[in-house]
Amino acid sequence: MRARSRRTLQIIAAIAACAAFGAGPRAVQAGEEDDLQREIDTQRVSVADLERLDELKATGDEIMLLRSWLDEAWSLRSKHEYDQVREVLERTRKQADLIRAKITASKLRAQATSREASLADVRARIARSKKALADTMKRKKTMEGADKAAPPASDKVTAPGAEKPAAPADKPMAPSAEKVAAPGAAKPATPGAEKAVSP
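To keep things clear, this report deals only with the structure shown in the data block.

Cut-offs used in this document
- Residues numbered from 1 in each chain as written.
- Predicted model: local features only at pLDDT ≥ 70, side-chain atom pairs only at ≥ 80, totals over all residues.
- Heavy atoms only, no water.
- Salt bridge = Lys/Arg side-chain N within 4 Å of Asp/Glu carboxyl O.
- Helix = DSSP H or I, 4+ residues; strand = E, 2+ residues; numbered from the N terminus.
- Buried < 20%, exposed > 50% of the residue type's maximum accessible area, 1.4 Å probe, protein only.
- Contact = heavy atoms within 4.5 Å.
- Phe/Tyr/Trp six-rings, centres within 6.5 Å; stacked < 30°, edge-to-face > 60°.
- Lys NZ or Arg CZ within 6 Å of the ring centre and 35° of its normal.
- Lys, Arg positive; Asp, Glu negative; His and termini not counted.
- Polar contact = N/O pair within 3.5 Å; in protein donor to acceptor, adjacent residues only side chain to side chain.
- Core = buried A, V, L, I, M, F, W, Y, C linked by side-chain atoms within 4.5 Å.

### Here's the deal with the pattern of salt bridges
For the structure on display, the rule yields 14 salt bridges. Put simply, Glu62 and Lys102 hold a salt bridge, and the shortest N to O gap is 2.4 Å. Remark: Lys102 occurs in helix H3 (residues 82-149) and Glu62 occurs in helix H2 (residues 60-78); sequence separation between them is 40 residues. Residue classification places Lys102 among the partly exposed residues on the basis of a relative accessible area of 34%.

### Quick look at the environment of Trp69
Note that Trp69 resides in helix H2. A relative accessible area of 18% places Trp69 in the buried class. In this structure the C-alpha to C-alpha distance between Trp69 and Val85, which are 16 residues apart in sequence, comes to 9.7 Å. Those residues within four positions of Trp69 in sequence are excluded, and the remaining contacts are Val88, Arg91, Thr92 and Gln95.

### Details of the packing of aromatic side chains
A ring pair, where both rings are aromatic, is described by two values, the distance of the centres and the angle of the planes. Under the criterion given, the structure shown has zero aromatic pairs. The cationic tip of Arg77 hangs over the ring face of Trp74; the distance from NZ or CZ to the ring centre is 4.4 Å. If you follow Arg91 out to its NZ or CZ, it ends over the ring of Trp69, 4.8 Å from the centre.

### What about the side chain of Asp54?
One can find Asp54 in the loop between helix H1 (2-53) and H2. One buried charged side chain, Asp54, makes no salt bridge at all; its nearest oppositely charged neighbour is Lys57, positioned 6.0 Å away. Within the structure, the side chain of Asp54 is placed 2.9 Å from the backbone nitrogen of Ala58, a separation counted as a polar contact. What Asp54 contacts, discounting residues up to four positions off in sequence, is Thr59, Gly60, Ile63 and Ile103.

### What about the nonpolar core?
The nonpolar side chains of a soluble globular protein tend to be buried, and buried together. In terms of nonpolar packing, the biggest core is built from 17 residues, with Leu50, Leu66, Ala73, Val85, Leu89 and Ile99 touching the most fellow members. Every element with two or more residues in this core is listed here: H1, H2 and H3. A per-element tally of this core places H3 first, with seven residues. Sequence-distant contacts of Ala73, that is, excluding residues within four places in its chain, are made with Ile40, Val85, Val88 and Leu89.

Structural data, given as structure tokens:
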């Protein structure tokens, strides 16, 4: 009875060992397949996040390539080629890092462009203000020069004959002293002629 039980125990142990050795790789394969599938699914979700982050659509081609690599990894996983799946997933991780870097660079470039545009606008406004100020200063100098050239009203020189206003035409003029003499007497032509005529 002891010999039989020993033999039975040995057979059971051998069967258990064979089952463990046979099922071990399958269990490892199943666990590895699940891990790879999980990683592929995680990376697919991250691709959707990258598309949302890429507001400027700067990495459309790179995202499309990443999707195709993930599809390739999925098909290799279904063929149980796990080493190749790992290689493809390594490529997809690096591609995702590159896409993130490109998205950041495109956003920074857009910020720089908008700041340059606003700076150019400010510079143009400053240039217009400087020009308007220069024009105003020129006008001010011109007006000051015109004020200095024109004499004041009190210093104005009057033209000869314009000092006295002309007499109105309807007022009679006072007779002069020569015309007051007798109407019949003739005025001598020269002052010495009068003496010569008298006896």
